Amino acid sequence: MNSEKETFQSKKYISKSLYYRVSQFVGFLLGARFFVASLLTFALYVSTFFLFNQEESFRNFVFDFKVHGIIFCTVLTILAGGIINQFYDLEKDHIVKPFRTRIQSFIKQKYFLYAYLGLSAISLGVAWMISHNVFLFFVVYQFFMWFYSHKLSRILILNNLTFVSLTLYPFFGMMVYYETFSKKVFLMAVFLFLILLCIDIVKDTLTRSVDKTFGYITIPNYFKSRNTKIILISLLLITMGVSMKIITKTGVSGFMAYYFAGSLFVMILCIYLFLNSSRKSNFLTLNVLRLWVFVGIIAMLLNGIEHKL
């Protein structure tokens, strides 16, 4: 009888232990924003091979370990940036993201900091082995990742501009590495910058009261709702103008041409949703824009494959 009881308790302990370990692992992935880092990695590979590096063969690209090293350093830096950002935003996330905060509570904050330091150190170490210029590139990247979380995320307008700039920083690095400077690439970068800026501002509209409580000065909690709406609609109209410029002046074709043409209708849909001006419509707008960014990555991939074949 005692033996059966001990076996049952042992199984219960193993089950609890396994649940705890899995929760810790999931909590770390969420804290480091692993899924965002995975999407950015995919986007980096697609844009690098099909946009910045169109002349190199696939075989040469696969064996270009310098490029893989740069992307590896980028991924580690993004993971580290996600960790330090959640460290500074912990109190706010308790209200805005209760489920994620609950999962992350399985890991002590000191271990997140250890992971942040470890990932940053490995990234800089690999960057140093690649070249001194790459090392400097990532020193700047990591500094602004930390400075954004520590200070800039609370400053009006700078918070949005810095967040979007940091998201695009690795792509700018690849553009410089391959010396791919053209009107088409520039306009595409402006297009993506504007969409990401809209996403960040819309996201702030959903956390307006919480941001104000914790001292984050954002466009939605600084300006009136009407002015915020005007800013967002103006940005979407400018994005439409950039999209039309790309279609008519850069000679894009194939899937990318369809994508930028479709962008006009997506922006009109978002403007319509903004005019409704409810929390539900803002949430829908946020997800439509996020989905459209992902569609853009897939369109670039399909367009690249079509041209390579």
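A short tour of the structure in this document, coming up. Everything numeric in this text was worked out from a predicted model, so none of it was measured.

1. Observations regarding the packing of aromatic side chains
The description of an aromatic ring pair rests on the distance of the ring centres and on the angle between the ring planes.
Link 1 in the chain: Taken as a whole and assessed by the stated rule, the structure comprises 16 aromatic pairs.
Link 2 in the chain: Residues F143 and W146 carry aromatic rings whose centres are separated by 6.0 Å and whose planes lie at 45° to one another, so their mutual orientation is tilted. With F143 and W146 both in helix α8 (residues 132-150), this residue pair falls three residues apart, about one helical turn.
Link 3 in the chain: Taken together, the ring pairs connect F137, F138, Y141 and Y169 into an aromatic cluster.
Link 4 in the chain: Stacked on the ring of F163, the Lys or Arg K203 has its end atom at 4.6 Å from the ring centre.

2. Overview of the state of the cysteines
Link 1 in the chain: In this structure the tally under the stated criterion is zero disulfides.
Link 2 in the chain: Summary of cysteine pairing: C270 is not part of a disulfide, and the nearest cysteine sulfur, belonging to C198, is at 8.0 Å.
Link 3 in the chain: Note on C270: relative accessible area 0%, which makes it buried.

3. What about the pattern of salt bridges?
Link 1 in the chain: Within this structure, the stated rule accounts for one salt bridge.
Link 2 in the chain: With a closest N to O distance of 3.3 Å, D200 and K203 form a salt bridge. With a gap of three residues between them, D200 and K203 both fall in helix α10 (residues 183-206), about one helical turn apart.
Link 3 in the chain: Its relative accessible area of 4% is what places D200 among the buried residues.
Link 4 in the chain: Judged by relative accessible area, which is 29%, K203 ranks as partly exposed.

Cut-offs and rules
Residues numbered from 1 in each chain as written. Predicted model: local features only at pLDDT ≥ 70, side-chain atom pairs only at ≥ 80, totals over all residues. Heavy atoms only, no water. Phe/Tyr/Trp six-rings, centres within 6.5 Å; stacked < 30°, edge-to-face > 60°. Helix = DSSP H or I, 4+ residues; strand = E, 2+ residues; numbered from the N terminus. Lys NZ or Arg CZ within 6 Å of the ring centre and 35° of its normal. Disulfide = S-S within 2.5 Å. Buried < 20%, exposed > 50% of the residue type's maximum accessible area, 1.4 Å probe, protein only. Salt bridge = Lys/Arg side-chain N within 4 Å of Asp/Glu carboxyl O.

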